[in-house]
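# A closer look at the structure
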Amino acid sequence: MAIVVNLDVMMAKRKMSLNELSEKVEITLANLSNLKTGKAKAIRFSTLDAICKALDCQPADILEYSKK
Amino acid sequence: MEIKITITTKQILAVLQVISWILFLGLAVEAGGVICSVAYIMLTENGANNSWLGPELGRLYQADAGYFLAVTSYVCITSTFKALLFYLIVKILYEQKINMEQPFNRSLGNLISNMSYLSLGIGLFASGGVRYVKWLTKNGAALSDVAYSYLDGAHVWLFMGVILLVIGQIFKRGIEIQEEHELTV
């Protein structure tokens, strides 16, 4: 897929672990891990909203379109 | 006084499992009996007169072994396919791969596809067998309803095969949608 998820970059900037983020966003660790590793096929707006709130960032900081 | 009877899916599946086992055992015995009878007729001297398949097929063997083999091949293949079909159903029910929370899984999808191919196979071979028996009867062979009884209902099997093929394609799409839903965060 051409959409790249840069969640780990943002988590490193905010010094937040996957466990902490999953508790704040109320998503299971497995789902968050799928998102981080690029296995997820889709993301709900509500989830994106919760992640951006937790990491204090914009969607463009997490999602990137790569032509490769 | 009102009596409400609620039947759960589990109970229905349990009943279906029992019925499938009974049908599978019956069809397996029939298929085995047909194959053993064919071997008995061909390998023993008096086999043609005393076989389970009836005296007509025994007389056909004595008249021409080739015609006999052709008719019995059709009968053996359709009987074996029928037993295989119910074996697949028994296997999926026994392994409890029917999960009502996530019904669209690959094993069920494969089951439906395999069932459609087997049904089509039964229909095609039964139809071919009936035509062959009719041709033999036209050309003087005295075959009673014995052969027809193993080969009848070809159109029903073909219909079921086509319906299952369509359902299989819809099921495959359901599996794709479910897998996408599982990977939606």
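In case you missed it, the structure is sitting above this.
This section reports on the structure supplied with the text. (Residues numbered from 1 in each chain as written. Chains lettered and ligands numbered in written order. Predicted model: local features only at pLDDT ≥ 70, side-chain atom pairs only at ≥ 80, totals over all residues. Heavy atoms only, no water.)

## Quick look at the overall build of chain A
When its secondary structure is counted, chain A shows 5 helices and 2 strands. Starting at the N terminus and ending at the C terminus, chain A contains elements arranged as β-α-α-α-α-α-β. A compact globule built from 68 residues should have a C-alpha radius of gyration of about 11 Å, and chain A, at 11 Å, falls within 12% of that. Looking at chain A as a whole, 35% of its 68 residues are labelled buried. In chain A, the share of contacts with a sequence separation of at least 24, taken over all contacts with a separation of at least 6, comes to 61%. Surface accessibility of chain A: about 4,600 Å² in total, with carbon and sulfur atoms responsible for 52%. Counting 11 positive and 8 negative side-chain charges, chain A places the averaged centre of each group 7 Å from the other. (Helix = DSSP H or I, 4+ residues; strand = E, 2+ residues; numbered from the N terminus. Rg over C-alpha atoms; globule rule 2.2 N^0.38 Å. Buried < 20%, exposed > 50% of the residue type's maximum accessible area, 1.4 Å probe, protein only. Contact = heavy atoms within 4.5 Å. Areas by Shrake-Rupley, 256 points an atom, 1.4 Å probe, with all protein chains shown as cover. Lys, Arg positive; Asp, Glu negative; His and termini not counted. Charge placed at Lys NZ, Arg CZ, Asp CG, Glu CD.)

## Focus: the overall build of chain B
A tally of helices and strands in chain B yields 6 helices and 0 strands. Its C-alpha atoms give chain B a radius of gyration of 21 Å, clearly above 16 Å, the size a compact globule of 185 residues would have. In terms of overall dimensions, chain B has C-alpha extents of about 70 × 40 × 35 Å along its principal axes. Within chain B, the fraction of its 185 residues that count as buried is 38%.

## Quick word on the packing of aromatic side chains
Residue and element names in this part refer to chain B. Enumeration over the complete set of coordinates arrives at 9 aromatic pairs over all chains. Judged by centre distance (5.9 Å) and plane angle (45°), the ring pair of Phe24 and Tyr87 falls under tilted. Here Phe24, found in helix H1 (residues 9-43), pairs with Tyr87, found in helix H3 (residues 65-94); they are 63 residues apart in sequence, far enough to count as distant. For Phe24, a relative accessible area of 16% corresponds to the buried category. Given a relative accessible area of 39%, Tyr87 falls into the partly exposed group. Connected via pairs of aromatic rings, a cluster forms that spans Tyr67, Tyr74, Phe81, Phe125, Tyr132 and Trp135. (Phe/Tyr/Trp six-rings, centres within 6.5 Å; stacked < 30°, edge-to-face > 60°.)

## Structural notes on H3(B)
Residues and elements named next belong to chain B. Its 30 residues give H3 an end-to-end C-alpha distance of 42 Å, which sits within 8% of 44 Å, the value for a rise of 1.5 Å per residue. Where H3 begins, the capping side chain belongs to Asp64, and its oxygen is found 2.7 Å from the backbone nitrogen of Gly66. Immediately beyond the C-terminal end of H3, within one or two residues, lies Gln96, with a positive phi of roughly 55°. (Expected span 1.5 Å × (residues − 1). Polar contact = N/O pair within 3.5 Å; in protein donor to acceptor, adjacent residues only side chain to side chain.)

## Let's talk about the side chain of Asn34(A)
By the element assignment, Asn34(A) lies in helix H3 (residues 29-36). With a relative accessible area of 19%, Asn34(A) lands in the buried category.

## Structural notes on H3(A)
Since the α-helix packs 3.6 residues into each turn, any two residues three or four apart lie on the same face. Residue and element names in this part refer to chain A. Turning to H3, its buried residues number three or more, namely Leu32, Asn34 and Leu35. Along H3, the residues classed as buried sweep out an arc of 155° about the axis, all on the same side. The elements touched by buried residues of H3 are strand S1 (3-5), helix H1 (7-13), helix H2 (18-25) and helix H4 (45-55). (Arc of directions from axis to C-beta.)

## Here's the deal with a nonpolar patch on the surface
Together, Met1(A), Ile3(A) and Tyr65(A) line one region of the surface with nonpolar side chains, adding up to about 400 Å² of accessible area. By the secondary structure assignment, Tyr65(A) is in strand S2 (residues 63-65). (Patch = residues over 30% accessible without salt bridge, like charges linked within 9 Å, V, L, I, M, F, W, Y side chains within 5 Å. Salt bridge = Lys/Arg side-chain N within 4 Å of Asp/Glu carboxyl O.)

## Details of the environment of Ala50(A)
Structurally, Ala50(A) is set in helix H4. C-alpha of Ala50(A) to C-alpha of Lys24(A): the two residues are 26 residues apart in sequence and 8.1 Å apart in space.

## Description of the pattern of salt bridges
A full pass over the atoms with the stated rule returns 3 salt bridges over all chains. With a closest N to O distance of 3.8 Å, Lys53(A) and Asp49(A) form a salt bridge. Residue Lys53(A) and its partner Asp49(A) are located together in helix H4, separated by 4 residues, close to a single helical turn. The shortest N-O distance in the salt bridge between Glu179(B) and Arg106(B) comes to 3.1 Å. Placement of Glu179(B) in helix H6 (residues 154-182) and of Arg106(B) in helix H4 (residues 106-138) is noted, with a sequence separation of 73 residues between them. Among the residues examined, Glu179(B) registers a relative accessible area of 32% and is labelled partly exposed. Of the residues examined, Arg106(B) reaches a relative accessible area of 52% and is grouped as exposed.

## Quick word on the packing of H1(B) against H3(B)
Residues and elements named next belong to chain B. For the pair H1 and H3, the least separation of the axes is 8 Å and the interaxial angle reads 155°. Viewed along their axes, H1 and H3 adopt a mutual orientation that is roughly antiparallel. Pair H1 / H3 crosses with left-handed handedness. Class assignment of the residues belonging to the contact of H1 with H3 gives a composition of 24 nonpolar, 5 polar and 2 charged. (Axes fitted to C-alpha atoms, helices over the stretch in contact; angles between N-to-C directions. Parallel < 35°, antiparallel > 145°, perpendicular 65-115°, else oblique. Left-handed = near helix turned anticlockwise from the far one by under 90°. Nonpolar A, V, L, I, M, F, W, Y, C, P; charged D, E, K, R; others polar.)

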